[in-house]
Amino acid sequence: MKLEQKYQALIEEAQRRNLPDVDGIQLCFQVLSMAANIDRDCAALLAPHGLSEGRFVLLFLLDVAPDGLAPNVLAEQAGITRATVTGLLDGLEREGLIARHANVNDRRALCIRLTPKGKQLAGTVVNQHSRWIAGLFGNLSVPERKQLAVLLERVTGPIPNAAS
């Protein structure tokens, strides 16, 4: 795997300084480089549809909720603030992908639903995105995927506090 230039420079400096466990440093930078590549490719796949990752997540959540969801539920499920979800919903509404409706049980509350245009886009993008994500590890066998999952879980277990 080709590391980003900044990480390659840091590894070379770590080697020059004879820092302990340069292999561990390199593994960390490999994971960071892979994550950056995935983020970049994800953004490139979503951009032609006028979507950011945040907007995509909301479409995905609404696509599986035919009765719609309240903005606070969307925020909670997406792991974002209510203010952020409001901004994302404003953009999706401007593009005719979602509609805000009064909640049938509480007219003061809102229920967000996909419009037909939003449903069509969600169906297209969710299928495309799911295939792409599944393909990221397509060159690994099932046992290798399980092993990688176990190893990643071990690494992300108790991450040492950087301030310590």
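Residues numbered from 1 in each chain as written. Predicted model: local features only at pLDDT ≥ 70, side-chain atom pairs only at ≥ 80, totals over all residues. Heavy atoms only, no water.

Draft legend 1. Spotlight on the side chain of S33. Within the secondary structure layout, S33 lies in helix α2 (residues 22–46). Judged by its relative accessible area of 0%, S33 is buried. The residues touching S33, leaving out its near neighbours within four places in the chain, are M1, L3, E4 and Y7. (Helix = DSSP H or I, 4+ residues; strand = E, 2+ residues; numbered from the N terminus. Buried < 20%, exposed > 50% of the residue type's maximum accessible area, 1.4 Å probe, protein only. Contact = heavy atoms within 4.5 Å.)

Draft legend 2. Looking closely at the nonpolar core. Judged by nonpolar contacts, the single largest core of 24 residues is most densely connected at L59 and L74. When residues in this core are grouped by element, the largest group, five residues, is from helix α3 (residues 53–63). For L74, the contacting residues outside a window of four places in its chain are L58, L61, L62, L69, V85, L89 and I112. In this structure, L3, Y7, I11 and A14 belong to the second largest nonpolar core, which totals six residues. (Core = buried A, V, L, I, M, F, W, Y, C linked by side-chain atoms within 4.5 Å.)

Draft legend 3. Molecular detail of the pattern of salt bridges. Within this structure, the stated rule accounts for six salt bridges. A salt bridge links E13 to R17; the nearest nitrogen and oxygen atoms lie 2.7 Å apart. Residue class for E13 comes out partly exposed when judged on its relative accessible area of 25%. Across the pair E95 and R55 runs a salt bridge, and its minimum N-O distance is 2.9 Å. On the criterion of sequence distance, the pair formed by E95 in the loop between α5 (82–94) and β1 (98–102) and R55 in helix α3 is long-range, its members being 40 residues apart. Residue classification places E95 among the partly exposed positions, given a relative accessible area of 34%. The class for R55 is buried, based on a relative accessible area of 13%. A single network of salt bridges, built from pairs that share partners, joins E13, R16 and R17. (Salt bridge = Lys/Arg side-chain N within 4 Å of Asp/Glu carboxyl O.)

Draft legend 4. Quick peek at the packing of aromatic side chains. Summed over the entire model, instances satisfying the criterion amount to two aromatic pairs. Measuring from ring centre to ring centre gives 4.6 Å for Y7 and F29, while their planes differ by 15°; the resulting arrangement is stacked. Taken together, the residues Y7 in helix α1 (residues 5–16) and F29 in helix α2 connect sequence positions 22 residues apart. Relative accessible area serves as the criterion here: at 12%, Y7 is assigned to the buried category. (Phe/Tyr/Trp six-rings, centres within 6.5 Å; stacked < 30°, edge-to-face > 60°.)

Interpretation in functional terms is not warranted from these geometric data alone.
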